[in-house]
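A look at the structure
Residue-level listing of the chains:
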Amino acid sequence: MLHVIDSTQAEHLQRAPSLISLSPVFASNFILASYQTLFCFSFVPMQSLSRLSFIKAHASGNDYVIPFQADFQKQVDLCNHLLGLGEAQRNALIQKLCQRRFSIGADGFLILHPGRISMNMFNPDGSEAEMCGNGLRCAALFFGKYFLKQTGQSQDSGGTQACIVTIPVQTKMGLKKCLVNLEIDEIECSMGAPRYSRDTEVQQVNKSDRFTVGEVNLELILGKEDTELMRTQCHIDDEPFLYCVSMGNPHAVIFVPDVDRVPIETWGPRIENHRIFSNRTNVEFVSIEDAKEGIVHQRTWERGAGETLSCGTGGAAVSTVCVLLSKIDNNEAHIHMRGGLVHYRCIVEADGSTNSQTGIEEVKLRGQAHMVYRGDISL
């Protein structure tokens, strides 16, 4: 049985499954009775945990289930329990909870540990992602709203910056510094330095000196016939390339004239699952609207999730490629995704510096996140 116990920003509930279509007036007290019995499915049983309290959150439409206990020690125990589950059991649980229409529904599952100020992000198929930019935005806001004391920060410092706190979040790709404005729920995240693809096969098929190890001719992956078919269906006039960049997780960027005309359900999974990507890849289809102003459009096929409304690390990869190939005139990209506008800034290394592989020492992401509603569900 799913019981929604609190609701904020009810206008965002359209991203929740249709079974949780609650009016703003009655959302706080609505009970969806006999949920499991009615739809004839059950979750994987968990030792010592028969009910899960959670928060539904999103950043630019990329939505997540966050297991939640308001008490610090209870949240620590809950996170330890979930992280300590066997992989098969945890994966099955996540798959059920993230299933739209039949459960809560989400693009991902975030385990946010207040004792470590850490984030573990799992895709809806149960696989764990190395990094997640939009999940990081939600994580930073979550820690700022519910466990600010444990972050070592304070909102009571006085002055005009009292509502802005710095929260370092530990991820699988290291510590990520997040600047959180708790008044307007806006977060700026340091995404770290981009790298070229680490896949040796990507490097082997790369034939270009223009993009050191990141540029791959699609024909070398798909073959001549399928490449011509993709060029026709995606309306690509020039020679099609993939630009392979890692933001801790892998991305393949493709430039097209119009992202809205791309049959992403066809070409997204073809590229995601190609053998040259040792752990699959995320795929971004990108079009440039205004190079001078840095206005870009992006659609993302996410590894393990399919098309999503937004992808934070994908936008960082797209910004990187746009800057390195001079697709935009400065180092700032304003990327329109299906879930909204997200802002990126690439910090280019000073002349003579060799600290990064690409010449970009850091990518910063800025945008809002939202804690949409709280609930609990029987397992």
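Conventions adopted
Residues numbered from 1 in each chain as written. Predicted model: local features only at pLDDT ≥ 70, side-chain atom pairs only at ≥ 80, totals over all residues. Heavy atoms only, no water. Helix = DSSP H or I, 4+ residues; strand = E, 2+ residues; numbered from the N terminus. Buried < 20%, exposed > 50% of the residue type's maximum accessible area, 1.4 Å probe, protein only. Areas by Shrake-Rupley, 256 points an atom, 1.4 Å probe, with all protein chains shown as cover. Salt bridge = Lys/Arg side-chain N within 4 Å of Asp/Glu carboxyl O. Phe/Tyr/Trp six-rings, centres within 6.5 Å; stacked < 30°, edge-to-face > 60°. Lys NZ or Arg CZ within 6 Å of the ring centre and 35° of its normal. Core = buried A, V, L, I, M, F, W, Y, C linked by side-chain atoms within 4.5 Å. Pairing = 2+ DSSP bridges. Right-handed = clockwise from strand over helix to strand, strands pointing away. Axes fitted to C-alpha atoms, helices over the stretch in contact; angles between N-to-C directions. Parallel < 35°, antiparallel > 145°, perpendicular 65-115°, else oblique. Left-handed = near helix turned anticlockwise from the far one by under 90°. Contact = heavy atoms within 4.5 Å. Nonpolar A, V, L, I, M, F, W, Y, C, P; charged D, E, K, R; others polar. Patch = residues over 30% accessible without salt bridge, like charges linked within 9 Å, V, L, I, M, F, W, Y side chains within 5 Å. Lys, Arg positive; Asp, Glu negative; His and termini not counted. Charge placed at Lys NZ, Arg CZ, Asp CG, Glu CD. Polar contact = N/O pair within 3.5 Å; in protein donor to acceptor, adjacent residues only side chain to side chain. pLDDT = per-residue confidence, 0-100.

1. Concerning the overall build of the protein chain
- Counting its regular elements, the protein chain contains 9 helices and 20 strands.
- Per-residue burial for the protein chain yields a buried fraction of 55% across its 379 residues.
- For the protein chain, the exposed surface amounts to about 16000 Å²; the carbon and sulfur share of it is 46%.

2. With respect to the pattern of salt bridges
- Across all of its chains, the model carries 15 salt bridges by this definition.
- The partner of R366 in a salt bridge is E186, with the nearest N and O atoms 3.6 Å apart. In this pair, R366 sits in strand β19 (residues 360-368) while E186 sits in strand β9 (residues 186-190), placing the two residues 180 residues apart along the sequence.
- Given the relative accessible area of 25%, E186 is considered partly exposed.

3. A word on the packing of aromatic side chains
- Under the definition given, this model contains 9 aromatic pairs.
- A ring pair is formed by F142 and Y146, whose centres lie 5.4 Å apart and whose planes are at 55°; its orientation type is tilted. Note that F142 and Y146 are positioned in helix α4 (residues 133-146) at a spacing of 4 residues, about one turn of the helix.
- You can call Y146 partly exposed: its relative accessible area is 30%.
- Consider the rings of F241 and Y243, whose centres lie 6.2 Å apart with planes at 45°: the pair is tilted.
- Look at F241 and you get buried, because its relative accessible area is 18%.
- In this structure, K327 packs its charged tip against the face of F255, placed 4.6 Å from the ring centre.

4. Notes on the nonpolar core
- Counting residues in hydrophobic clusters, the biggest one holds 59 residues, and the most contacted among them are F142, V180 and M191.
- A total of 7 residues in this core trace back to one element, the largest contributor, which is α4.
- Listed in part, the 22 residues of the second largest apolar core include L218, I221, A252 and V256.

5. Focus: the pairing of strand β13 (residues 250-255)
- The buried count for β13 comes to 6 of 6 residues, which makes it a mostly enclosed element.
- Alternating residues of β13 divide into P250, A252 and I254 and H251, V253 and F255, and every residue in both groups is buried.
- Pairing between strand β12 (residues 241-246) and β13: 4 bridges, direction antiparallel. Opposite C244, over in β13, you have A252 as the bridge partner.
- The loop that links β12 with its antiparallel partner β13 comprises 3 residues; one of these, G248, has a positive phi angle of about 100°.
- Across 5 bridges, the pairing between β13 and strand β14 (residues 282-290) is parallel. Along β14, the bridge assignment pairs H251 with N282.
- Handedness of the β13-helix α8 (residues 264-272)-β14 crossover: right-handed.

6. Structural notes on the pairing of strand β20 (residues 370-378)
- Of all the 9 residues making up β20, 8 are buried; the element is thus mostly covered by neighbouring parts of the structure.
- Two elements, strand β3 (residues 51-59) and β20, share 8 bridges in a ladder whose sense is antiparallel. Each bridged residue has a counterpart across the sheet, and for K56 the counterpart in β20 is Y373.

7. Digging into the packing of helix α7 (residues 224-234) against α8
- For the pair α7 and α8, interaxial distance at closest approach is 11 Å and the crossing angle is 140°. Considering their axes alone, α7 and α8 lie oblique with respect to each other. Taken as a pair, α7 and α8 cross one another with a handedness that is left-handed. Residue-level contacts link D226, L229, M230, Q233 and C234 of α7 to T266, W267, R270 and I271 of α8.
- Per-class residue counts for the contact of α7 with α8 are 5 nonpolar, 2 polar and 2 charged.

8. A closer look at a negative patch on the surface
- A cluster of acidic residues, E219, D237, D238 and E239, forms a negative patch at the surface.
- As for its position among the elements, D238 is in the loop between α7 and β12.

9. Section: the side chain of D185
- Within the element layout of this structure, D185 appears in the loop between β8 (174-181) and β9.
- Here D185 falls in the buried class, since its relative accessible area comes to 11%.
- Apart from the residues lying within four places of it in its own chain, the contact partners of D185 are L141, K145, G367, Q368 and A369.

10. Focus on the side chain of D376
- By the element assignment, D376 lies in strand β20.
- Reaching out from D376, the side chain makes a polar contact with the side chain of R51 at a distance of 2.8 Å.

11. A look at the confidence of the model for the protein chain
- When the pLDDT values of the protein chain are averaged, the result is 83; 78% of them are 70 or greater.
- Between residues 5-46, whose pLDDT stays under 50, and residues either more than four places distant or in other chains, the model counts 96 contacts.
- Across residues 207-213, where pLDDT falls below 50, the model places 20 contacts with residues more than four positions away in sequence or in other chains.

12. Focus: unusual backbone geometry
- Positive phi is not limited to glycine here, since S60 has a value of about 55°.
- Position of S60 relative to the elements: it lies in the loop between β3 and β4 (62-67).
- The phi torsion at S326 lies on the positive side, around 60°, for a residue other than glycine.
- Relative to the helices and strands, S326 resides in the loop between α9 (312-324) and β17 (332-337).
- According to the relative accessible area criterion, S326 is exposed, its value standing at 57%.

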